[in-house]
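The residues making up each chain are set out below.
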Amino acid sequence: MNKYILLMLLPISLLVYGCSDNHAAEKKSTPAAEPHYALATAEKQNVQQVYKLPAQLAAYQEVSIFPKVNGYVKTVLVDIGSQVSAGQLLMVLEDPELEQAAAQAREKYFETVSSYTISRENYERLRQAAKTPGAISPMDLATARSKTEADSTLCNAEKAAWQQQQVMLAYLKVTAPFKGVITQRNVHPGALVSAEARDGKPMLELKEVQRLRLQVSIPESMAGTLRENDTISFYLSSFPGKRFIGHIARKSMNINQQYRSEPVELDVYNRDEKLAPGMYADVLFDSKGNPNALAVPKTAVVTSTERKYVIAIRDGRTTRVDVTTGNEGSSLIEVLGELKPGDQVVANANDEIKEGITLK
């Protein structure tokens, strides 16, 4: 009975073994499939990007007012927040010693004027008398002429000294150099101020606020695309949601080597004086892109610790091409490198895709 069962099972096992061998042979003979990747075309296309950069408002003009001469504060005619016009009197100082020195210089000048007048009159009379032969010796005439010239020189010197004292007296009256607002007041009547103490607080600080400077540093990559008079939008934290407009007025034409950026200033008109120097701003720059760049999908660019590249298809094989990137959009990114319009690149590239892979 057992022999009979074994004889029945033997053909079945041989049939199963033969089928499995045929299947394995068929599997070994099937060639490996070529890898397949989605491709994209590098095209000339503007990729616009909006940059949000920090900025700060500053006064168009500002000055810290220190005393030019030593003295005591006699009167302060302005305070913090005072609106002043150019040439307006802000403060009056007093210095009795300076006033006395000016009075002495004045008296000395008029004394020399008197001496010069007498010398000149004497010389003129002697010159008239010398027309009569033998009336006046040539030496006396020359002496009178020399004294007149000396008195004239001394008179001019004393006049210059008196004018200098008048200028120093004028410094006792402090006036505004331009129209603006007083933003600091650090002295009161009776205070002693010194012209030598320039390392402390100023007596007054004046800022022009009807016209402001918006100061912002532009990254090197987009600084070249901006031109003077370009219109720029910005927002202030003091006015949430309100859009302000400025115009590029000055470019420094110098790249900061530490931050790789170019300082730029915008003119902002503030006639209603709602804005104030020192306010923080967010500036929005609409970069139009590099006209020499090509656009590829953002997923086509691979960034590693050593390089940045795309995987191009050259002669049916994958080739890594180093690139630099520019503006980024929602799906596209600018690239610059050894690429030409129409080149095919792997759309979803990664660093696991090796060079030299054959693609169909």
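Each residue is numbered by its place in its chain's sequence as written, counting from 1. In keeping with the predicted nature of the model, local features appear solely for residues at pLDDT of at least 70, side-chain atom pairs appear and are counted solely at 80 or more, and the whole-chain, interface and lining totals rest on all residues. The basis for every side-chain value is the complete set of non-hydrogen atoms in the structure, without hydrogens or water.

Asks: Just give me the short version of the sheet that holds strand S9 (residues 192-193), but keep the residues and values in it.
Replies: The four strands lie next to each other as S7-S6-S4-S9, forming an open sheet whose pairing is antiparallel. Of all strands in the sheet, those bounded by a partner on one side alone are strand S7 (173-175) and S9. Note: two strands are recorded as paired if DSSP finds a minimum of 2 bridges between them. Helical segments are the DSSP runs of H or I of at least four residues, strand segments are the runs of E of at least two, and each set is numbered from the N terminus. Bridge count between strand S6 (residues 89-94) and S7: three bridges; the pairing is antiparallel. Bridge pairing links Leu89 to Thr175 in S7.

Asks: Which residues make up the pairing of strand S2 (residues 49-59), and what values go with them?
Replies: In this structure, S2 lies alongside strand S15 (residues 280-287), joined through eight bridges in antiparallel fashion. Across the sheet, the residue bridging to Leu53 is Val283, located in S15. Across five bridges, the pairing between S2 and strand S11 (residues 211-219) is antiparallel. Across the sheet, Leu57 pairs through a bridge with Leu214, a residue of S11.

Asks: Describe unusual backbone geometry, with residues and values.
Replies: You will see that Asn229, though not glycine, has its phi angle at about 75°, which is positive. In this fold, Asn229 is placed in the loop between helix H4 (220-223) and strand S12 (231-236). Of note in this structure, Met253 is not a glycine but carries a positive phi near 55°. Here Met253 shows up in the loop between strand S13 (243-251) and strand S14 (261-269). A 1.4 Å probe rolled over the protein chains alone gives each residue an accessible area, and that area as a share of the maximum for its type sets the label: buried under 20%, exposed over 50%, partly exposed in between. Overall, the relative accessible area of 68% leaves Met253 in the exposed class.

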